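Chain and residue survey
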Amino acid sequence: MDLQLLGILVLAIALGWILGRQEGRKKSNNQAFPSLDMLAGDRQSETMQAILSMAEREEALDLQLSLGTFYRRRGEIDKAISIHQSLFARPDLDKKLSAEIQLALASDYLNAGLLDRAERLLKELLKANTHLKSKVLTQLITLYEEEQDWQSILELAHEAKHLKKNKAIAYACCELADDAMNQQNWRDANRYIQRALKLDARCVRALLLEANLAEKEGIPNKMLASIKEALSYDPSLLAVVLPQLKTLFEQRHRPQELERLLEQEWQDHPMPLSLHSYVQHIATHQGLDQAIEKLTECIVQVPTYEGFSLLLDNLIEKGEALSLDYVKNLKHIMLQLQQSTDDYICRQCGFDADQHHWRCPSCKEWETFIPKLAYIHNNKLKPQPKVRIQNV
């Protein structure tokens with residue numbers, strides 16, 4: 001049983017009891033109030049029974065609503081549905097409380113996989129224009145995502161002001177664009193892609209779909225521009241788009257352009273992924289000696305275990321004896337790695353730590369901690385949203 005949640009529940013009951021007594025709404029009874037000591041010992045079932053008994057009183061509607069939610073979070077969906085159904089059937093509820101109970105019951109149905117029932121209740125709430133509209137829309141989107149009903153999600157786009165931080169509509173456009181491309185319906189695919197980018201200009205999936213569409217249409221420059229823009233927002237996509245980039249530049253007989261692109265990615269985002277892609281390209285097109293030289297130079301600048309391991313792999317593949325000076329360089333790199341004990345850094349203020357923090361202990365900013373392997377060492381400005389110019 002979730003003791004913390006039960007403790008909060010008991011405290012909420014206590015507060016309601018005190019307020020009710022002060023306002024003269026408390027009915028006299030001799031029932032013992034459940035205590036936190038009961039939760040700490042072996043009397044959890046007794047505590048729950050006491051709460052249930054209190055919940056049966058007419059004035060304990062909020063408690064019953066919370067109790068149903070508690071059962072749902074524990075996975076006891078049948079109990080949650082039973083409580084919320086009995087509440088929803090009551091004719092004496094005000095509109096606000098009735099809407100909250102209806103939303104809770106819809107959530108129960110959604111968790112139970114009873115999607116038709118959940119959809120009916122949520123649509124009724126949406127028509128009623130209640131204070132719960134944002135929550136109702138979020139639940140409806142979750143439901144349609146489960147059903148993969150992307151068109152129904154698009155129909156909610158007119159409620160965009162209630163869905164400011166929800167990326168679901170843009171991603172629904174991407175799903176429909178992907179389906180259209182599979183059917184070779186290029187016009188509809190482009191329409192959905194542009195709509196996704198209008199909803200979220202930094203939607204990397206839409207940008208990659210735009211690149212795929214440009215590849216199908218034989219517009220390599222547009223394809224490359226879309227991939228570069230996606231990489232500027234999410235450098236980790238390099239692993240996804242690299243085969244496509246290799247094909248593009250090989251067809252154009254311009255491996256040196258790909259080398260410059262990969263070098264720029266390494267400089268902008270010095271992490272193992274960009275380093276490996278860059279060095280492997282050099283090994284393929286210039287030879288192992290050049291790759292080893294470049295790799296040595298890179299890991300001196302940004303020492304990582306992954307880079308050092310790749311260097312050793314290349315040296316083993318070369319199969320030649322190393323000079324004393326080179327061995328000294330390897331030792332120097334290894335010492336740097338040993339001294340680098342901090343694994344995370346704040347990209348806002350540069351604070352180092354050996355564990356992840358959601359909030360920086362130094363500058364107090366949220367979500368600024370990132371692994372050092374993904375740290376941008378040249379401290380360039382964050383990429384700004386780009387103005388998209390439509391092709392005429």
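This text goes with the structure placed above it.
Of the regular secondary structure elements, the protein chain holds 19 helices and 3 strands. Taken over 392 residues, the protein chain has a buried fraction of 41%. A fraction of 49% describes how many contacts in the protein chain between residues 6 or more apart in sequence connect residues 24 or more apart. Of the roughly 23200 Å² of accessible surface on the protein chain, a fraction of 49% belongs to carbon and sulfur atoms.

Counted under the stated rule, the structure contains 1 aromatic pair. Looking at arginine 191, its charged tip hangs above the ring of tyrosine 192, at a distance of 4.7 Å from the centre.

Time to look at the packing of helix α4 (residues 61-73) against helix α6 (residues 95-112). The contact between α4 and α6 brings their axes to 10 Å, and the two run at 15°. Between α4 and α6, the crossing angle belongs to the class labelled roughly parallel. Classified by chirality, the crossing of α6 by α4 is left-handed. Mapping the contact onto sequence places Leu61, Asp62, Leu65 and Arg72 in α4 and Leu97, Glu100, Ile101, Ala104, Ser107, Asp108 and Asn111 in α6. Residue composition of the contact of α4 with α6, by class: 5 nonpolar, 2 polar and 4 charged.

So, about the pattern of salt bridges. Across all of its chains, the model carries 11 salt bridges by this definition. Here lysine 79 ties to glutamate 76 by a salt bridge, and the two come within 2.9 Å at their closest N and O atoms. Note that aspartate 178 is salt-bridged to arginine 205, the shortest N-O span being 3.6 Å. Highlighted residues: aspartate 178 in helix α10 (residues 168-182) and arginine 205 in helix α12 (residues 204-217), separated in sequence by 27 residues. Here arginine 205 falls in the partly exposed class, since its relative accessible area comes to 25%. Salt bridges here are not isolated pairs; linked through shared partners, they connect Arg74, Glu76 and Lys79.

So, about the nonpolar core. Counting residues in hydrophobic clusters, the biggest one holds 83 residues, and the most contacted among them are Leu245 and Leu311. In terms of residue count, the dominant contributor to this core is α10 (10 residues). When sequence neighbours within four positions are dropped, the list of residues in contact with leucine 311 reads Ile292, Leu295, Thr296, Ile299, Tyr326 and Leu330. By size, the runner-up hydrophobic cluster in this structure holds 12 residues, among which are Phe70, Ile83, Ile101 and Ala104.

With respect to the element layout, proline 220 can be found in helix α13 (residues 220-233). Residues proline 220 and leucine 248, spaced 28 residues apart in sequence, show a C-alpha to C-alpha distance of 7.3 Å. Excluding its chain neighbours within four sequence positions, the residues that come into contact with proline 220 are Leu248 and Arg252.

Moving on, we get to α10. If you check α10, its first and last C-alpha atoms are 21 Å apart, about what 15 residues at 1.5 Å a residue would give, namely 21 Å. Of the residues making up α10, those classed as buried are Ala168, Ile169, Ala170, Ala172, Cys173, Cys174, Leu176, Ala177, Ala180 and Met181. Packed against the buried residues of α10 are α8 (133-147), α9 (150-154), α11 (186-199) and α12. Positioned one or two residues after α10, glutamine 184 has a phi angle of 60°, which is positive.

On inspection of all chains with the given rule, the structure shows 0 disulfides. Cysteine 360 supplies the cysteine sulfur nearest to cysteine 363, a cysteine that is in no disulfide, at a spacing of 3.7 Å. Relative accessible area serves as the criterion here: at 25%, cysteine 363 is assigned to the partly exposed category.

Let us look at a negative patch on the surface. Taken together, the side chains of Asp116, Glu145, Glu146 and Glu147 define an acidic patch exposed on the protein surface. Ranked by residues supplied to the negative patch, first place goes to α8 with 3 residues. Structurally, the position occupied by glutamate 147 is in helix α8.

Turning our eyes to something else, we now look at unusual backbone geometry. Even without a glycine there, the phi angle at glutamine 148 is positive, about 55°. Mapped onto the fold, glutamine 148 is located in the loop between α8 and α9. Classification of glutamine 148 by relative accessible area gives exposed; the value is 57%. One non-glycine residue, histidine 253, lies in positive phi territory at about 55°. By the element assignment, histidine 253 lies in the loop between α14 (238-251) and α15 (255-268).

Turning to its location among the elements, leucine 288 is positioned in helix α17 (residues 288-301). Leucine 288 sits 30 residues away from lysine 318 along the chain, and the two C-alpha atoms are 7.1 Å apart. Sequence-distant contacts of leucine 288, defined by excluding residues within four places in its chain, comprise Ala283, Asn314, Glu317 and Lys318.

Criteria and thresholds
Residue numbering note: each chain is counted from 1, following its sequence as written. Predicted model: local features are reported for residues with pLDDT of at least 70 only, side-chain atom pairs are reported and counted for 80 or more only, and whole-chain, interface and lining totals are derived from all residues. Water and hydrogen atoms play no part in the side-chain values, which are based on all heavy atoms of the structure. Under the scheme used here, helices are H or I runs from DSSP no shorter than 4 residues and strands are E runs no shorter than 2 residues, and both carry numbers assigned from the N terminus. Partly exposed describes any residue whose relative accessible area lies between the buried limit of under 20% and the exposed limit of over 50%, with all areas from a 1.4 Å probe on protein chains only and scaled to the type maximum. In this analysis, two residues are considered to be in contact whenever any of their non-hydrogen atoms come within 4.5 Å of each other. Areas reported as accessible are Shrake-Rupley estimates using a 1.4 Å probe. Residue values count occlusion only from the protein chains shown. Within 6.5 Å between ring centres, the rings of Phe, Tyr and Trp (the latter by its six-membered ring) count as paired, and their orientation is classed by plane angle as stacked under 30 degrees, edge-to-face over 60, tilted in between. Cation placement over rings: the criterion is NZ of Lys or CZ of Arg within 6 Å of the ring centroid and within 35° of the ring normal. Interaxial angle, 0 to 180 degrees, is taken between N-to-C directions of lines fitted to C-alpha atoms, where a helix line uses only the stretch in contact. For classification purposes, angles smaller than 35 degrees are called roughly parallel, those larger than 145 roughly antiparallel, those between 65 and 115 roughly perpendicular, and all remaining angles oblique. Note on convention: near helix rotated counterclockwise from far helix by under a right angle means a left-handed crossing. Clockwise means right-handed. Gly is placed with the polar residues, together with every amino acid not listed as nonpolar (Ala, Val, Leu, Ile, Met, Phe, Trp, Tyr, Cys and Pro) or charged (Asp, Glu, Lys and Arg). Within this document, salt bridges are pairs made up of a side-chain nitrogen of Lys or Arg and a carboxyl oxygen of Asp or Glu, the two lying within 4 Å of each other. To define a nonpolar core, start from buried Ala, Val, Leu, Ile, Met, Phe, Trp, Tyr and Cys residues and group those joined through side-chain atoms within 4.5 Å. Expected span, for any helix, means 1.5 Å times one less than how many residues it has. Here, two cysteine sulfur atoms that lie within 2.5 Å of each other are counted as a disulfide. What makes a patch is a set of residues exposed beyond 30% relative accessible area and free of salt bridges, joined within 9 Å when like-charged and within 5 Å when nonpolar (Val, Leu, Ile, Met, Phe, Trp, Tyr). Asp and Glu are treated as the negative residues and Lys and Arg as the positive ones, with His and the ends of the chain left uncounted. By convention, the point assigned to a charge is CZ for Arg, NZ for Lys, CD for Glu and CG for Asp.

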